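The residues making up each chain are set out below.
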Amino acid sequence: MIMPILTGLRPGATQGAMRRVKFLLLAPAVLMGSGCVQVSAPDKPIEINLNINIRQEVVVRLQQDVKELIDKNPGVF
Amino acid sequence: MNRRLKLILAAGLTLGALTAGATAAYAMIQGDASATLRASGQAGEQADGYLGVVGSGSADLRAQVDAVNIKRRAYYTDLAAKRGAKIEEVAATTACELLRSKVVQGQYYRLSDGVWRQRDSAPVPLPGYCG
């Protein structure tokens, strides 16, 4: 038998390469698993109540923060 | 540098590029979600600070509106906690701004009477508390 002599004594030639391939295939799976942003829906549905009871002074106090919030998040607002 | 290290480095760089590309694409899809929804005429701004579906929207449309509203709710909750205000107060204040500056002619809005209206050339009539 000639074949075992050629490859059997040199595990690095094939086994080392396979180990690298295995690593390369595993890495994306691991990274994809941790890279996803999980957006989960709240338990309760968002209640729609259009009868808003709010004082104008509260609106004035929050106005500047709200403007910044809108400007910083164009996709959401 | 040995061959193994080079391989690992190459894999890392490739993955980094792929991840960055995917993130950019995702941002492009999400980038103007609420503006696109308003412009479609199938969703509009409500006095409560959330987007609403005008008429009976498709399941896909409702999912898109819900996705935006879930994010809004998170931002409102965060700001309310920071300022010692109620979530509804932050949301209503935001609605004032959105009705004032984001709803353009031809787009829909809904105030406390619950009726969807289309904005004409005049500004949206704001609730009294908006100031």
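(A) Spatial organisation of the overall build of chain A. Scanning chain A from terminus to terminus reveals three helices and zero strands. Across chain A, helices and strands are ordered from the amino to the carboxyl terminus as α-α-α. Every one of the 77 residues in chain A was classed for burial, and the buried ones make up 9%.

(B) Inspection of the confidence of the model for chain B at higher detail. Residues and elements named next belong to chain B. Summary statistics for chain B give a mean pLDDT of 88 and a share of 84% for residues scoring 70 or more. Summarising per-element confidence for chain B, the mean pLDDT is lowest in helix H1 (residues 3-30) (62) and highest in strand E1 (residues 43-46) (98). Scored by ipTM, the complex comes to 0.76, with pTM at 0.64.

(C) Broad picture of the sheet that holds E1 of chain B. All names here are of chain B. Taken together, the four strands give an open sheet; going across it, the order is E2-E1-E3-E4, and neighbouring strands pair in mixed fashion. One side of each edge strand has no neighbouring strand; the edge strands of this open sheet are strand E2 (51-53) and strand E4 (116-118). The sheet shows a mean angle of 40° between the axes of neighbouring strands, direction not considered. In this sheet, E2 lies alongside E1 in antiparallel orientation, the contact comprising three bridges. Paired with alanine 43 across the two strands is valine 53, which belongs to E2.

(D) The packing of helix H2 (residues 33-40) of chain B against helix H3 (residues 59-83) of chain B, seen in detail. Residues and elements named next belong to chain B. Their axes nearest at 10 Å, the elements H2 and H3 cross at an angle of 135°. One finds that H2 runs oblique with respect to H3. Between H2 and H3 lies a crossing of left-handed hand. Contacts from Ala33, Ser34 and Leu37 in H2 reach Gln64, Val65 and Val68 in H3. Partitioning the contact of H2 with H3 into residue classes produces four nonpolar, two polar and no charged.

(E) Representation of the pairing of E1 of chain B in the model. Residue and element names in this part refer to chain B. Here E1 hands over to E2 after four residues, with glycine 49 in that stretch at a positive phi of 90°. Of the pairings in the sheet, the one linking E1 to strand E3 (residues 108-110) comprises two bridges and is parallel in character. Looking at E3, one finds that glutamine 46 is bridged to arginine 110.

Quick notes on the rules
- Starting afresh in each chain, residues are numbered from 1 along the sequence in its written order.
- Labels follow written order: the first chain is A, the first ligand is 1, and so on.
- It should be noted that, the model being predicted, local features are given only for residues of pLDDT at least 70 and side-chain atom pairs only at 80 or more, the latter also being counted only at that level, while totals for whole chains, interfaces and linings use all residues.
- Secondary structure elements are defined from DSSP: runs of H or I of at least 4 residues count as helices, runs of E of at least 2 residues count as strands, and each element is numbered from the N terminus.
- Counting other C-beta atoms within 10 Å of a residue's own tells you its class, since 20 or more makes it buried, 12 or fewer makes it exposed, and anything in between is partly exposed; those C-beta atoms are placed from the backbone.
- Confidence of the predictor in every single residue is expressed as pLDDT, which spans 0 to 100.
- Strands pair, by our definition, only if DSSP identifies at least two bridges between them.
- All axes are obtained by fitting lines to C-alpha atoms, using only the stretch in contact for helices, and the reported angles, taken between N-to-C directions, cover 0 to 180 degrees.
- Relative orientations are named as follows: roughly parallel for angles under 35 degrees, roughly antiparallel for angles over 145 degrees, roughly perpendicular for angles from 65 to 115 degrees, and oblique for any other angle.
- A crossing counts as left-handed when the near helix is turned anticlockwise from the far one by less than a right angle, and as right-handed when that turn is clockwise.
- We call two residues in contact whenever the C-beta atoms placed from their backbones are within 7 Å.
- When residues are grouped by polarity, Ala, Val, Leu, Ile, Met, Phe, Trp, Tyr, Cys and Pro land in nonpolar, Asp, Glu, Lys and Arg in charged, and all others, Gly among them, in polar.

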